[in-house]
Each structure stands twice: as C-alpha cells, then as structure tokens.
Amino acid sequence: MIRVLFVCLGNICRSPMAEAVFRELVKNKGLAHLIEIDSAGTGKWHIGEAPHRGTQRLLREKGIDYSTIKAREFQEKDFSDFQYLVAMDQKNVQDMKRKSPKSTSLSITRLLDECPHIQEKDVPDPWYTGDFEETYRLVKAGTEALLDRIIKENHLEEEVLANETD
Ligand code: 4NP
C-alpha cells in the first residue's frame, strides 16, 4: 500500500481539502485499492472536528465527498506510517521536523513543490485569507502533479491505462 499524508496547521481548512481532492483523483484513476490517504494538523485546537464550513461548502460545490474526514494531530508515528508526507507550507515543514524521531531520514515535501511553474510555494491559508477558491485552485494543481509523480515512482502507468480502457 502507498500511504500519503497531507499536513497543515489546524487540519480543518487546507489539508482536509487536499485529502478529499486527492482521494477523488485517485478514485477516478482506479487506484483507490493501492493508495491510502489521510490528513493531520500540527496544532491541537480542532481535534475531532469536521472540516471548516468554507472547505465543506467548496467541496460540496465541486461534488467531492468529505464525509469521513475528522481532524487529528500530526504525530511522530506518521513518519513511519506514511511514505509521502506533504505539507501545505514551510511552517508546517518546520513543525513536523520538530516532531520527527532523530533516526528518521526526513522526506517532507510541500504540495506546491510539485508545480515548478507556480511561483507560490506555500498554499495560502483560508483561515486567514477567507479565499477558499484560491486555495482550491492551488490544491488541485498540486494534488494532480503529486499523483502523476506517485504513478511514475511506483510504476502504476499500466494499472491506470488498464482502468481507462475498462
Ligand atoms: P488550516 O487553517 O491549517 O488550513 O487548517 C487553520 C485552521 C485553524 C487555525 C489556524 C489555521 N487556528 O488557529 O485555529
């Protein structure tokens, strides 16, 4: 199983959006049986909560399911449970590193590292900006590029092609 974890600060705005959008992309490529997806926050404030109203409204508008998503805190164990640790911004990366076991070789990326053509490298936080659409635009670009990389790195091209012709 390939395991992917999206991480932000509160786990109610950006990373649950990335989780839901990425799960939809993975499902549409017929890879749901091979890729497990979760999200977490480096902060504790919203543990157990459903996504923010703005994220819920946006996902509803796009017809993307978010019914199973509940906020949880990022933990040290996530370094061994997930191969792909994908942060929304540089502050998340720093906070995750602080929780990392000393022996772990770190492989945290930022979602927008996937998109060299996009100048912004941090996904803007709608908790502060109020702009869920702009965050979605970047989350969509980042998750599409991330899935392309995961397909290549795990040699899933034939699996995807077989599903397309089904
Ligand atoms: P997120 O946004 O990291 O995208 O989930 C935030 C949500 C809540 C808070 C900060 C950022 N907060 O301070 O409660």
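Residues numbered from 1 in each chain as written. Predicted model: local features only at pLDDT ≥ 70, side-chain atom pairs only at ≥ 80, totals over all residues. Heavy atoms only, no water.

### A look at the sheet that holds strand β3 (residues 84-87)
Link 1 in the chain: If you trace the four strands from one edge of the open sheet to the other, you get β2-β1-β3-β4, paired in parallel fashion. Single-partner strands in this sheet number two, and they are β2 (35-41) and β4 (108-110). Sheet twist, expressed as the average angle between the axes of neighbouring strands with direction ignored, equals 25°.
Link 2 in the chain: Across four bridges, strand β1 (residues 2-8) lies against β3 in parallel orientation. Counted as the bridge partner of Leu 5 is Leu 85 from β3.
Link 3 in the chain: Here helix α1 (residues 14-28) sits on the sheet and contacts β1 and β2; the angle it forms with β2, its principal contact strand, is near 170°.
Link 4 in the chain: The strands that helix α6 (residues 132-153) touches are β1, β2, β3 and β4; relative to β1, the one it contacts most, it runs at about 155°. (Pairing = 2+ DSSP bridges. Helix = DSSP H or I, 4+ residues; strand = E, 2+ residues; numbered from the N terminus. Axes fitted to C-alpha atoms, helices over the stretch in contact; angles between N-to-C directions. Contact = heavy atoms within 4.5 Å.)

### A few points about the site of the ligand
Link 1 in the chain: Every residue lining the ligand is accounted for by Cys 8, Leu 9, Gly 10, Asn 11, Ile 12, Cys 13, Arg 14, Trp 45, His 46, Asp 125, Trp 127 and Tyr 128.
Link 2 in the chain: The backbone of Leu 9 places a nitrogen or oxygen atom 2.9 Å from an oxygen atom of the ligand.
Link 3 in the chain: Cys 13 is positioned with one of its backbone polar atoms (N or O) 2.9 Å from an oxygen atom of the ligand.
Link 4 in the chain: Burial of the ligand by the surrounding chains reaches 93%, relative to a free accessible area of 350 Å².
Link 5 in the chain: Residues that form the shell around the ligand fall into these classes: seven nonpolar, three polar and two charged. (Near = heavy atom within 4 Å. Polar contact = N/O pair within 3.5 Å; in protein donor to acceptor, adjacent residues only side chain to side chain. Areas by Shrake-Rupley, 256 points an atom, 1.4 Å probe, with all protein chains shown as cover. Nonpolar A, V, L, I, M, F, W, Y, C, P; charged D, E, K, R; others polar.)

### Side note on the pattern of salt bridges
Link 1 in the chain: According to the stated counting rule, one finds 19 salt bridges in the structure shown.
Link 2 in the chain: Asp 95 is the partner of Lys 91 in a salt bridge, and the nearest nitrogen-oxygen pair spans 2.9 Å. Linking Lys 91 with Asp 95, this pair stays in helix α4 (residues 90-98), spanning four residues, or about one helical turn.
Link 3 in the chain: Between Arg 149 and Glu 114 there is a salt bridge, and its shortest N-O distance comes to 2.8 Å. On the criterion of sequence distance, the pair formed by Arg 149 in helix α6 and Glu 114 in the loop between β4 and α5 (126-129) is long-range, its members being 35 residues apart.
Link 4 in the chain: Sharing partners across several salt bridges, the network here consists of Arg 14, Asp 89 and Asp 125. (Salt bridge = Lys/Arg side-chain N within 4 Å of Asp/Glu carboxyl O.)

### What about the environment of Pro 116?
Link 1 in the chain: You can see Pro 116 is positioned in the loop between β4 and α5.
Link 2 in the chain: Pro 116 gets classed as exposed once you look at its relative accessible area, which sits at 72%. (Buried < 20%, exposed > 50% of the residue type's maximum accessible area, 1.4 Å probe, protein only.)

### Considering the nonpolar core
Link 1 in the chain: Of all hydrophobic cores here, the largest spans 39 residues; its most connected members are Val 4, Phe 6, Phe 22 and Ile 35.
Link 2 in the chain: Residue assignment for this core shows that the elements contributing at least two residues are β1, α1, β2, α2 (53-62), β3 and α6.
Link 3 in the chain: Sort the elements by how many residues they give to this core and α6 lands first, with eight residues.
Link 4 in the chain: Apart from residues no more than four positions distant in its own chain, Phe 22 is found in contact with Val 4, Phe 6, Ile 35, Ile 37, Thr 143, Leu 146, Leu 147 and Ile 150. (Core = buried A, V, L, I, M, F, W, Y, C linked by side-chain atoms within 4.5 Å.)

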